[in-house]
Amino acid sequence: MAKKKLNTQLNEIVASWSVLYTKLHNYHWYVSGPSFFTLHAKFEELYNEVTLNLDDLAERILSKGWKPVATLKEHLEISVVDEASGNEGAEEMVAALIDDFKNIMTLLNSAMELASEEGDDRTEDLLNGQFQSLEKHTWMLSAYLDK
């Protein structure tokens, strides 16, 4: 039962990374204003990192004999990240990312606990690395907003 629940949670994370990847591209393309150069570069950095996280996690799922969700429809159905509306200003983009990162961190924590219960140190380690990175990005983006 725990293995099935872990697989479900890992797929929720895969879906969330996928939606976040697209959202970051939207923000990268449509950010404007005085923070353009700073945020344009930051959003690119983040979507490149998300690409690696998504691929690493999907490959981990495959190595366990499971199947990662791999369609946009599935991703949108189970993601904790919502698509960009296309109307966000620069500060709204950053605030939305902070919320998204916190939501993904909650998923990561839950999946780490399940992996630990299963004695799956490798999955737990992979998730922990992703968590730590999001934790740092959340701090930095919060500092950007001066919150």
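Please read these numbers as outputs of a predicted model, since none were measured by experiment. Every chain is numbered on its own, with residues counted from 1 as its sequence reads. Totals for whole chains, interfaces and linings use every residue, but because this is a predicted model, local features are given only for residues with pLDDT of at least 70 and side-chain atom pairs only at 80 or more, for both listing and counting. Neither water nor hydrogens contribute to the side-chain values; these are computed over all heavy atoms in the structure.

Remarks on the overall build of the protein
In step 1: Helix and strand assignments follow DSSP, with helices taken as H or I runs no shorter than four residues and strands as E runs no shorter than two, numbered in order from the N terminus. Each helix and strand counted, the protein has five helices and zero strands in total.
In step 2: Written out in order from the N terminus, the α and β elements of the protein read α-α-α-α-α.
In step 3: The C-alpha radius of gyration of the protein comes to 15 Å, within 12% of the 15 Å expected for a compact globule of 147 residues.
In step 4: Once the C-alpha set of the protein is aligned to its principal axes, its extents read approximately 50 × 30 × 20 Å.
In step 5: Within the protein, the fraction of its 147 residues that count as buried is 46%.
In step 6: Put simply, of all contacts in the protein between residues at least 6 apart along the chain, 81% involve residues at least 24 apart.
In step 7: Areas reported as accessible are Shrake-Rupley estimates using a 1.4 Å probe. Residue values count occlusion only from the protein chains shown. Approximately 8,100 Å² of the protein is accessible, and the part contributed by carbon and sulfur atoms is 51%.
In step 8: The convention is simple: Lys and Arg are positive, Asp and Glu are negative, and His and the chain ends are not counted. We put the charge of a Lys on NZ, of an Arg on CZ, of an Asp on CG and of a Glu on CD. Counting 13 positive and 25 negative side-chain charges, the protein places the centres of these two groups 6 Å from one another. For the radius of gyration, the atoms used are the C-alpha atoms, and the globule rule reads 2.2 Å times the number of residues raised to 0.38. Any residue under 20% of the maximum accessible area for its type is buried, any over 50% is exposed, and the rest in between are partly exposed; the area is computed with a 1.4 Å probe on protein chains only. Pairs of residues are marked as contacts when any of their non-hydrogen atoms sit within 4.5 Å.

Details of the packing of helix α1 (residues 2-30) against helix α2 (residues 36-63)
In step 1: To define axes, lines are fitted to C-alpha atoms, for helices over the stretch in contact only, and angles between the resulting N-to-C directions are given on a 0 to 180 degree scale. Running from N to C, α1 and α2 point in directions that differ by 155°, and their axes come no closer than 9 Å. For the element pair α1 / α2, the angle class is roughly antiparallel. The interaxial crossing formed by α1 with α2 has left-handed handedness.
In step 2: Throughout, the ten residues Ala, Val, Leu, Ile, Met, Phe, Trp, Tyr, Cys and Pro are labelled nonpolar, Asp, Glu, Lys and Arg are labelled charged, and all others, Gly among them, are labelled polar. The residue makeup of the contact of α1 with α2, split by class, is 16 nonpolar, eight polar and one charged. Working definition: roughly parallel below 35 degrees, roughly antiparallel above 145 degrees, roughly perpendicular at 65 to 115 degrees, and oblique for all remaining angles. Helix crossings are classified by the rotation of the near helix relative to the far one: an anticlockwise turn of less than a right angle makes the crossing left-handed, while a clockwise turn makes it right-handed.

Regarding the packing of aromatic side chains
In step 1: When two rings of Phe, Tyr or Trp (its six-membered ring) have centres within 6.5 Å they constitute a pair, described as stacked for plane angles under 30 degrees, edge-to-face for angles over 60, and tilted for the intermediate range. Here the structure, examined in full by the defined rule, presents three aromatic pairs.
In step 2: With a centroid separation of 5.7 Å and 50° between ring planes, the pair formed by Tyr-27 and Phe-43 is classed as tilted. In this pair, Tyr-27 sits in helix α1 while Phe-43 sits in helix α2, placing the two residues 16 residues apart along the sequence. Comparing Tyr-27 with Phe-43 shows no difference in burial state: the two are buried.
In step 3: Taking 5.1 Å as the distance between ring centres and 80° as the angle between the ring planes, the aromatic pair formed by Phe-36 and Phe-37 counts as edge-to-face.
In step 4: Residue classification places Phe-36 among the partly exposed residues on the basis of a relative accessible area of 26%.
In step 5: By definition, being over a ring means that NZ of Lys or CZ of Arg is both within 6 Å of the ring centre and within 35 degrees of the ring normal. Here the guanidinium or amino end of Lys-64 rests over the ring plane of Trp-66, the centre of that ring lying 5.0 Å away.

Points about helix α5 (residues 121-144)
In step 1: Over its 24 residues, α5 extends 34 Å from the first C-alpha to the last, a length consistent with the 34 Å expected when each residue adds 1.5 Å.
In step 2: Residues of α5 that are buried: Thr-123, Leu-127, Gln-130, Phe-131, Ser-133, Leu-134, His-137, Thr-138, Leu-141 and Ser-142.
In step 3: On its buried face, α5 sits against α1, α2 and α4 (90-118).
In step 4: With its phi angle positive at about 60°, Asp-146 sits one or two positions after the end of α5. What a helix should span is 1.5 Å times the count of its residues minus one.

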